[in-house]
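The residues making up each chain are set out below.
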Amino acid sequence: MLHDAHFHLCGDDLRNEWNKHHMQGIVNADCPSEYAYLKQTLRHTKGVRISAGIHPWKANQVSWEEMIPIVEEVSFIGEIGLDNVWCDVDMQQQKEVFERSLDYAASVQKPVILHLKGMEQEALSYIRRYKNTYLVHWYSCLDYIQDYRELGCYFTIGPSVGRDEAVNQVALQIPLDHLMLESDGLDALSWCENRSVSAEEYTVFLNRSITQIARIKHCEETHVKDTLNHTFQQFLLARMDP
């Protein structure tokens, strides 16, 4: 079995690949229209769950009030976070949305998927205030890895592993029982590869990540694959203590 712990559908039909490979995963919705689309598209697809939250890139476009009925339905909140590299949304607005989302997630014990870019240090102060289960997606910063590890965070390994030293360090420093795979979707794979990636190639890149993680950790690929899958299953069941 393969898993994809964080991805966006972006209009690409991956259902044949999911069904063919008996995959499981978590797909992200960052606004009401995307959530409605995913619910309709995935209504007959097993193994794929929806996470929902206001992406920092959309902190000035989507209101918390319109997301309330959606975050109440889903089991995972995200991706949410802070970003001062890939967007120019007012940082104060990002922080307000981020903290409101963290407060809600902690209050209802729903695990959170984090997007952090350029704000890795500052985000630590927020998540330390809201005890919860956190998954940091495609972490690509050489610093603060151990700070997040000490908070018990899970990490997904992005498809740039093997070529991005920051991602390699996450794969090296984080134990397999806190690592998972992610593609971030076909658009992200295409960006990472600097070419168009087809749905038929989707699992090739997930398996390539397994190979790279095994090389970095000096482990057998079968052991890495089995352990990452087990970690994903544990994350699906993650809940705060009462």
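Residues numbered from 1 in each chain as written. Predicted model: local features only at pLDDT ≥ 70, side-chain atom pairs only at ≥ 80, totals over all residues. Heavy atoms only, no water.

Undergrad: Summarise the overall build of the chain; cite the residues concerned and give the values.
TA: For the chain, the count of helices and strands is 10 helices and eight strands. Rg of the C-alpha trace for the chain: 17 Å, near the compact-globule value of 18 Å for 242 residues, within the 12% margin. Its C-alpha atoms give the chain principal-axis dimensions of about 45 × 40 × 40 Å. Expressed as a percentage of the 242 residues in the chain, the buried residues total 58%. Pairs at least 24 residues apart make up 64% of the contacts formed inside the chain by residues separated by at least 6 positions. About 10800 Å² of surface is accessible on the chain, with carbon and sulfur atoms providing 47% of the total. (Helix = DSSP H or I, 4+ residues; strand = E, 2+ residues; numbered from the N terminus. Rg over C-alpha atoms; globule rule 2.2 N^0.38 Å. Buried < 20%, exposed > 50% of the residue type's maximum accessible area, 1.4 Å probe, protein only. Contact = heavy atoms within 4.5 Å. Areas by Shrake-Rupley, 256 points an atom, 1.4 Å probe, with all protein chains shown as cover.)

Undergrad: Tell me about the pattern of salt bridges, residues and numbers included.
TA: In the structure shown here, the tally under the stated rule is nine salt bridges. When the shortest N-O distance is used, the salt bridge between K58 and D30 registers 3.0 Å. Of this pair, K58 sits in the loop between β3 (48-52) and α3 (64-73) while D30 sits in the loop between β2 (24-29) and α2 (32-41), placing them 28 residues apart in sequence. A residue is classified by how much of its surface remains accessible, and K58, at 24% relative accessible area, is partly exposed. R128 is paired through a salt bridge with D147; the nearest N and O atoms lie 3.5 Å apart. A residue pair is termed long-range when its members are at least 10 positions apart, and R128 in helix α5 (residues 120-129) and D147 in helix α6 (residues 145-150) qualify at 19 residues. (Salt bridge = Lys/Arg side-chain N within 4 Å of Asp/Glu carboxyl O.)

Undergrad: Go over the sheet that holds strand β5 (residues 112-117) with me, naming the residues and quoting the values.
TA: Sheets are built from strands that pair by backbone hydrogen bonding, the pairs being arranged parallel or antiparallel. Ordered in space as β1-β2-β3-β4-β5-β6-β7-β8, the eight strands form an open sheet in which the pairing is parallel. Sheet topology places β1 (3-7) and β8 (179-181) at the edges, where each strand pairs with a single neighbour. In this sheet, neighbouring strand axes are inclined to one another by 30 degrees on average, regardless of whether the strands run parallel or antiparallel. Alignment of strand β6 (residues 134-136) against strand β7 (residues 154-157), held across two bridges, turns out to be parallel. Residue L135 lies in a different strand from β7, and its bridge partner there is Y154. The sheet strands contacting α5 are β4 (76-83), β5 and β6, and the helix crosses β5 at an angle near 150 degrees. On the sheet, helix α9 (residues 202-217) packs against β1, β7 and β8 and is oriented at approximately 150 degrees with respect to β8. (Pairing = 2+ DSSP bridges. Axes fitted to C-alpha atoms, helices over the stretch in contact; angles between N-to-C directions.)

Undergrad: Please set out α5 residue by residue, giving values where relevant.
TA: All buried positions along α5 are accounted for by E120, A123, L124, Y126 and I127. The inward-facing, buried residues of α5 contact β4, α4 (91-108), β5, β6 and α6.

Undergrad: Got a sec to walk through a nonpolar patch on the surface? Specific residues and values, please.
TA: Among the surface-exposed residues, W57, V85, W86 and W191 lie close enough to one another that they form a single nonpolar patch of about 480 Å² accessible area. For W191, the position within the fold is in helix α8 (residues 186-193). (Patch = residues over 30% accessible without salt bridge, like charges linked within 9 Å, V, L, I, M, F, W, Y side chains within 5 Å.)

Undergrad: I'd like a description of the environment of E65, backed by residues and values.
TA: Along the chain, the position of E65 falls in helix α3. Residue classification places E65 among the partly exposed positions, given a relative accessible area of 47%. C-alpha of E65 to C-alpha of Q234: the two residues are 169 residues apart in sequence and 31 Å apart in space.

Undergrad: Residue-level account of the pairing of β4, with values.
TA: With eight of eight residues buried, β4 lies mostly within the body of the structure. Note: β3 against β4, two bridges, orientation parallel. The residue bridging S51 from the neighbouring strand is F76, located in β4. Between the parallel pair β4 and β5, the chain is carried across by α4, and the sense of this crossover is right-handed. (Right-handed = clockwise from strand over helix to strand, strands pointing away.)

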